[in-house]
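# Summary of the model geometry
The lines below spell out each chain.
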Amino acid sequence: MKILAIESSCDETAAAVVEDGGRILSNVVVSQVDIFAAYGGVIPEVAARSHLEAILPVIHKALDDARLTKDEIDAIAVTHTPGLLGSLLIGTLTARTLAILWKKPLYAVHHLKSHIYANWLLPAQGGMASVPQFPLLALVVSGGHTQIIYMPGHNQFEIIGTTRDDAVGECFDKVAKILGLPYPGGPSIAKMALQGDVKKYKLPHPQVDGLDFSFSGLKTAVLRAVQAECGLSITTPSYELKEYLSEQQKADFAASFQDTACDILMEKVKMALRGHQDVKSLVIAGGVSANAVLRQKAVESLLEASDGKIEVYFPELCFAGDNAAMVGAAAYFEVASGVKPTNPYTLSIAPRTAIG
Ligand code: KG4
Ligand code: ZN
């Protein structure tokens, strides 16, 4: 089954053709990151207008790269929630129109589900890959979400832990701003941390019951530690702090923060594994899954917690951030699980915000 998938939930306009949930026939991503680097963050109205310009050329290129015509496509899939309203509207209106004009079934896919299913995509350069085994735990770590999800089987999701405030990716982005590092913050922190000492600054681990997370306190702890290190009062605005920090101090803060954030994530994953002894795989998903320290800590934690019996999966780096191939994979497993297509005339971007 060949699915033309469309993703436009934030600041990437993407289209891909994916066969049977794993084989990538084409994958096109136009990122707006260069536009927003100048502003230090996404401006929703600008994002929506950029999607409008890019979406049709991106879809044409995805079909061309796959060497397919519209008649050879079996279904259309699109991200319909969660995301920026204007951005989602461009993708969903385009997908609805194509589904009606081309008479194709339309699948509306939850963005976090797509991030999880990026782990079923086969290697872009070809070859075989093992796929995650059920039941599994998914650690979803993106700019807007931090969740631990138990999946007994395909397309079945039980959220067992979630953040009570900031998402971990958001925390990377905000700490990067405090340190004066460029947008997007996650990759900037990861790069800067390479020169830093993880033990230089001791940052707190939040005391949150159960499997829930809290990241707003960690961000504030970095802010206070930077102010103290520079001998400034706590009323000094965060945007002034970068002027007082040396490159080495920035690197040490980046390394200490990154290490603490990844440890917090893995502590909760290990707790979740203790409560779910049947789990066979751990799947890490979302933009923050690109982080090399998180990947290393996940492998080490799993070795320690399960003697290597539970395998850990990450998406290929090019599929960790937003892309449409993962939407095609998620839609395929919806179809395989018996989910019926969405009515293209009535699809709304609003109603379903929790994964399911
Ligand atoms: O999944 P994603 O591309 O978009 C959302 O669905 O939110 O995730 C974006 C988030 C941003 O917060 C970005 O800073 C973070 O992922 N990110 C990283 C890395 N690459 C991207 N965080 C830590 N380390 C990275 N290497
Ligand atoms: Zn995402």
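First, a word on what this report is: a plain description of the structure on this page. Residue numbering note: each chain is counted from 1, following its sequence as written. Chain A is the first chain written and ligand 1 is the first ligand written, with later ones labelled in order. Confidence filtering applies because this is a predicted model: local features only for residues at pLDDT of at least 70, side-chain atom pairs given and counted only at 80 or more, and all residues used for totals across whole chains, interfaces and linings. Hydrogens and waters are ignored; side-chain quantities use all the structure's heavy atoms.

## Points about the nonpolar core
If you look at the biggest cluster of nonpolar residues, it comprises 52 residues, and the most contacted ones within it are L137, L179, I189, F215, V226 and F257. With 13 residues, the top contributor of residues to this core is helix α8 (residues 247-275). Not counting the four nearest positions on each side in its chain, L137 is found in contact with I148, I149, Y150, I160, V269, A272, L273, V279, S281, L282 and V283. We call a set of buried residues a nonpolar core when its members are Ala, Val, Leu, Ile, Met, Phe, Trp, Tyr or Cys and they connect through side-chain atoms within 4.5 Å of each other. The buried label applies to any residue whose accessible area, calculated with a 1.4 Å probe on protein chains only, is under 20% of its type's maximum; exposed applies above 50%, and partly exposed to all values in between. Counting from the N terminus, the helices are DSSP H or I runs at least four residues long and the strands are E runs at least two residues long. Contact between two residues is taken to exist if any of their heavy atoms lie within 4.5 Å; hydrogens are not considered.

## A closer look at the sheet that holds strand β2 (residues 12-19)
Paired strands, as defined in this entry, are two strands with at least two bridges between them according to DSSP. Spatially, β3-β2-β1-β4-β5 is the arrangement adopted by the 5 strands of the open sheet, whose pairing is mixed. Every interior strand has two partners, whereas the edge strands, β3 (23-31) and β5 (106-110), have only one. Averaged over all neighbouring strand pairs, the angle between strand axes comes to 20°, with direction disregarded. As defined by bridge partners, strand β1 (residues 2-7) adjoins strand β4 (residues 75-81) across 4 bridges and the pair is classed as parallel. Bridge pairing in β4 places I6 opposite V78. Helix axes are fitted to C-alpha atoms over the stretch in contact, other axes to C-alpha atoms as well, and angles between N-to-C directions run from 0 to 180 degrees. The strands that helix α2 (residues 44-65) touches are β1, β2 and β3; relative to β2, the one it contacts most, it runs at about 20°. Contacting β1, β4 and β5, helix α3 (residues 85-102) crosses the sheet at an angle of about 155° to β4.

## A few points about the site of ligand 1
Proximity criterion: a residue is near a molecule or strand once any of its heavy atoms comes within 4 Å of it. Taken together, 17 residues lie around ligand 1, and H115, G143, D173, G287 and N291 are the ones closest in. Distance and chemistry together define a polar contact, namely a pair of N or O atoms within 3.5 Å, with one atom able to donate a hydrogen and the other to accept it when in protein, and with adjacent residues in sequence counting only for side-chain atoms on both sides. Between ligand 1 and D173 there is a distance of 2.7 Å, counted from an oxygen atom to a side-chain nitrogen or oxygen. Here a nitrogen atom of ligand 1 and a side-chain polar atom of N291 are 2.9 Å apart. Protein contact buries 83% of the 550 Å² of open area that ligand 1 shows by itself. Every element with two or more residues in the shell around ligand 1 is listed here: α4 (111-117), α5 (168-179) and α6 (185-193). Top contributing element to the shell around ligand 1 by residue count: α5, with 3 residues. Three classes are used, and their members are as follows: Ala, Val, Leu, Ile, Met, Phe, Trp, Tyr, Cys and Pro are nonpolar, Asp, Glu, Lys and Arg are charged, and the others, Gly among them, are polar. Looking at the shell around ligand 1 residue by residue, the classes come out as 4 nonpolar, 11 polar and 2 charged. Two domains each put at least three residues into the shell around ligand 1: domain 1 (2-124 + 318-336) and domain 2 (136-315). For accessible areas, the Shrake-Rupley method is used with a probe of radius 1.4 Å. Any residue's cover is judged against the shown protein chains and nothing else. By convention here, the domain bounds are inherited from an automatic or database domain assignment.

## Notes on unusual backbone geometry
Residues F134 and P135 are joined by a peptide bond in cis, for which omega reads -5°. Of note, P135 is situated in the loop between α4 and β6 (136-141). Cis geometry marks the peptide bond from Y183 to P184; its omega dihedral reads -5°. Within the element layout of this structure, P184 appears in the loop between α5 and α6. The backbone phi angle of D20 is positive, close to 50°, even though this residue is not glycine. With respect to the helices and strands, the residue D20 is situated in the loop between β2 and β3. Take D20: its relative accessible area is 41%, and that puts it in the partly exposed class. With phi around 55°, R67 is a residue other than glycine that occupies positive phi space. Note that R67 resides in the loop between α2 and β4.

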